[in-house]
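As a plain string of letters, each chain reads:
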Amino acid sequence: MDDTAASENLAASILNSLNSRIAVIDGGGTIRVVNDAWANFARDNGDPDLCATGIGVNYLEATRRAHALGDASAERALAGIEAVIQRARPQFELKYPCHSPTEEKWFLMRVTPLRGDTPGAVIAHIDITGQQAAARTAARTAARAGRRRALAHDQARRSEREQAALDHFTHANGVVYDTVRAEDSLIDRYQALIDAALERRALKVAHDVSGEARRFAQALGRQSASPRDLIRIHTQAMVRQQAGKPTPARLRALGEEGRLLLLEVMGYLAAYYRDLFLADVELQNL
């Protein structure tokens, strides 16, 4: 075997060892060489004798026919291949889908010119299905993280607005601030209230959340608690609830139920102080 034949055999062996589908076309677009991956793919996809995609077929004409039949990416592919053959661009790449009825597949077509003065190009179709799946997974993960951050930000903003509104209410009604500390037993009891509200929402458990919220507000009132004390208890209980990194659905339910519970307990606390005030007025009028 002479050196030329040995070199050609080595080149063919290298091409056939690659998983990517590879064809070499001349300056007019005619296919001159294909590797085993190219031939096997053609046989598996309806061209057993390589009549439409094998050696001697004009790849540019086949691409034009695909465009005429409605292939959305064929026009871009044709323009890119011709630009590479004419040395108008050093390389061309095109990502495209090639799905079957049972499997989703993505490929990257990469076209590079032949070296030296020989007109033509090497066309490689590289399977990037795995990379596409990984990119979609990463995008979904980033989107979920973004939604969680946005939800946490919205909850913080709502808490700030509720705090400002409650401060205004407290000043307007002459309630004294900071008369009780948010002790662990009160936080634990309030956290149990949140759990009951979540179970009632998700599992339809018949918890008497309103009754327990009223009793909790009365317990706060007996200790001369202010709205700020209740806000502190609520905030610390919510922090504990979120410490376990809940799912987005649970986090959303936690924010909604927690906000409703806070307003309900605040209403019962205001009612408790109103009743005390009316009782005091009645005693003064005796």
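Residues numbered from 1 in each chain as written. Predicted model: local features only at pLDDT ≥ 70, side-chain atom pairs only at ≥ 80, totals over all residues. Heavy atoms only, no water.

A. Spotlight on helix α3 (residues 59-68). If you check which residues of α3 are buried, you get Tyr-59, Leu-60 and Thr-63. Along α3, the residues classed as buried sweep out an arc of 100° about the axis, all on the same side. Where α3 is buried, its residues contact β1 (21-26), β2 (31-34), α2 (36-44), α4 (74-85), β4 (106-113) and β5 (120-127). A distance of 3.0 Å separates the backbone nitrogen of Leu-60 from a side-chain oxygen at the start of α3, and that oxygen is part of Asn-58. A positive backbone phi angle near 105° is found at Gly-70, which sits one or two residues after α3. (Buried < 20%, exposed > 50% of the residue type's maximum accessible area, 1.4 Å probe, protein only. Helix = DSSP H or I, 4+ residues; strand = E, 2+ residues; numbered from the N terminus. Arc of directions from axis to C-beta. Contact = heavy atoms within 4.5 Å. Polar contact = N/O pair within 3.5 Å; in protein donor to acceptor, adjacent residues only side chain to side chain.)

B. Structural view of the confidence of the model for the protein chain. Scored by pLDDT, the protein chain has a mean of 81; 83% of the residues are at 70 or more. Averaged pLDDT values over the elements of the protein chain bottom out at 67 in helix α5 (residues 129-172) and peak at 93 in α4. Contacts from residues 168-182, a stretch scored under 50 in pLDDT, to residues over four places away or in other chains number 31 contacts. (pLDDT = per-residue confidence, 0-100.)

C. Molecular detail of the packing of aromatic side chains. Considering all chains together, one arrives at five aromatic pairs under this definition. Taking the centre distance of 5.9 Å and the plane angle of 55° together, the rings of Trp-38 and Tyr-59 count as tilted. Of this pair, Trp-38 sits in helix α2 while Tyr-59 sits in helix α3, and the two are 21 residues apart along the sequence. When sorted by exposure, Trp-38 lands in the same class as Tyr-59, which is buried. On the numbers, 5.8 Å between centres and 75° between planes, the contact of Phe-41 with Phe-107 is edge-to-face. Placement of Phe-41 in helix α2 and of Phe-107 in strand β4 is noted, with a sequence separation of 66 residues between them. Counting every residue linked through ring pairs, the aromatic cluster contains Phe-41, Tyr-96 and Phe-107. We note Arg-21 situated over the ring of Phe-41; from NZ or CZ to the ring centre the distance is 3.7 Å. Over the ring of Phe-107 we find Arg-21; its NZ or CZ atom is 4.5 Å from the centre of that ring. (Phe/Tyr/Trp six-rings, centres within 6.5 Å; stacked < 30°, edge-to-face > 60°. Lys NZ or Arg CZ within 6 Å of the ring centre and 35° of its normal.)

D. Representation of the side chain of Gln-241 within the structure. Locating Gln-241 in the fold gives a position in helix α8 (residues 227-242). What Gln-241 contacts, discounting residues up to four positions off in sequence, is Gln-191, Ile-194, Asp-195, Leu-198, Pro-246, Arg-250 and Leu-254.

E. Summary view of the packing of helix α6 (residues 184-203) against α8. The contact between α6 and α8 brings their axes to 9 Å, and the two run at 60°. For the pair α6 and α8, the sense of crossing is right-handed. Contacts from Asp-184, Leu-186, Ile-187, Asp-188, Tyr-190, Gln-191, Ile-194, Asp-195 and Leu-198 of α6 reach α8 at Leu-230, Ile-233, His-234, Gln-236, Ala-237, Met-238, Arg-240 and Gln-241. Here the contact of α6 with α8 is composed, by residue class, of nine nonpolar, four polar and four charged. (Axes fitted to C-alpha atoms, helices over the stretch in contact; angles between N-to-C directions. Left-handed = near helix turned anticlockwise from the far one by under 90°. Nonpolar A, V, L, I, M, F, W, Y, C, P; charged D, E, K, R; others polar.)

F. Summary view of unusual backbone geometry. Of note, the phi angle at Leu-50 is positive, near 60°, even though the residue is not glycine. You can see Leu-50 is positioned in the loop between α2 and α3. Judged by relative accessible area, which is 14%, Leu-50 ranks as buried. Even without a glycine there, the phi angle at Arg-87 is positive, about 60°. Along the chain, the position of Arg-87 falls in the loop between α4 and β3 (92-97).

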